[in-house]
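Descriptive structure summary
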Amino acid sequence: ICGTGVATDLRVERLEQLLSTVKDLYSEKYGRDVDTEYDADGTPWKVTEGTGVPRDCRVERLEQKLAEVKQLYKQKYGEEVDQEDTDVQYDADGTPWIQICGTGVA
């Protein structure tokens, strides 16, 4: 068995520290961030990569969470969130107003 005797995660941590030091030195010397791309005019551009998760999966997960919240709302208040309100009144400016009467006790 060959090796350095140093745990792999410690070596990786040390390499990350060295990389950070080199990036700082580059930034001091050239006045530019290593992780920033620059065009021909010297304008900095930040590159943003996606999460690697297809958009449809994220939307699907958000829709699931929304359905859960709607169900919790219905359990607590006995009404559907998407229920159409027929008691909507509009003032002279067209602003909608909904009158809600209650006891003030949660």
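Residues numbered from 1 in each chain as written. Predicted model: local features only at pLDDT ≥ 70, side-chain atom pairs only at ≥ 80, totals over all residues. Heavy atoms only, no water.

As for the overall build of the protein
- A count of helical and extended segments in the protein gives two helices and four strands.
- When the helices and strands of the protein are listed from N to C terminus, the series reads α-β-β-α-β-β.
- Within the protein, the fraction of its 106 residues that count as buried is 1%.
- Counted over contacts in the protein with a minimum sequence separation of 6, partners at least 24 positions apart contribute 0%.
- Just so you have it, the protein exposes about 10,300 Å², and 53% of that area is on carbon and sulfur atoms. (Helix = DSSP H or I, 4+ residues; strand = E, 2+ residues; numbered from the N terminus. Buried < 20%, exposed > 50% of the residue type's maximum accessible area, 1.4 Å probe, protein only. Contact = heavy atoms within 4.5 Å. Areas by Shrake-Rupley, 256 points an atom, 1.4 Å probe, with all protein chains shown as cover.)

Structural notes on helix H1 (residues 8-30)
- End to end, H1 covers 33 Å across 23 residues, agreeing with the expected 33 Å (1.5 Å per residue, within 8%).
- Gly-31, located one to two residues past H1, shows a positive phi value of around 70 degrees. (Expected span 1.5 Å × (residues − 1).)

Here's the deal with the pattern of salt bridges
- Counting across every chain of the model gives two salt bridges.
- Note that Asp-35 is salt-bridged to Lys-23, the shortest N-O span being 2.9 Å. Remark: Lys-23 occurs in helix H1 and Asp-35 occurs in the loop between H1 and strand S1 (37-38); sequence separation between them is 12 residues.
- Look at Asp-35 and you get partly exposed, because its relative accessible area is 47%.
- Glu-80 serves as the salt-bridge partner of Lys-74, at 2.9 Å between the closest nitrogen and oxygen.
- By relative accessible area, Glu-80 is classed as partly exposed at 41%. (Salt bridge = Lys/Arg side-chain N within 4 Å of Asp/Glu carboxyl O.)

Observations regarding the environment of Asp-33
- By secondary structure assignment, the location of Asp-33 is in the loop between H1 and S1.
- Once the C-alpha coordinates of Asp-33 and Lys-23 are considered, the two residues, 10 residues apart in sequence, prove to be 7.4 Å apart.
- For Asp-33, the residues in contact, after removing those within four places along its chain, are Tyr-38 and Lys-46.
- Of the polar contacts made by the side chain of Asp-33, one reaches the backbone nitrogen of Asp-35; its length is 3.2 Å. (Polar contact = N/O pair within 3.5 Å; in protein donor to acceptor, adjacent residues only side chain to side chain.)

Some words on the packing of aromatic side chains
- Inspection of every chain in the model, using the stated rule, returns two aromatic pairs.
- Centroid distance Tyr-26 to Tyr-30: 4.8 Å. Interplanar angle 40 degrees. Geometry classified as tilted. Taken together, the residues Tyr-26 and Tyr-30, both in helix H1 and four residues apart, mark about one turn of the helix.
- Here Tyr-26 falls in the partly exposed class, since its relative accessible area comes to 35%.
- A ring pair is formed by Tyr-73 and Tyr-77, whose centres lie 4.7 Å apart and whose planes are at 45 degrees; its orientation type is tilted. Highlighted residues: Tyr-73 and Tyr-77, both in helix H2 (residues 55-77), separated by four residues, approximately one helical turn. (Phe/Tyr/Trp six-rings, centres within 6.5 Å; stacked < 30°, edge-to-face > 60°.)

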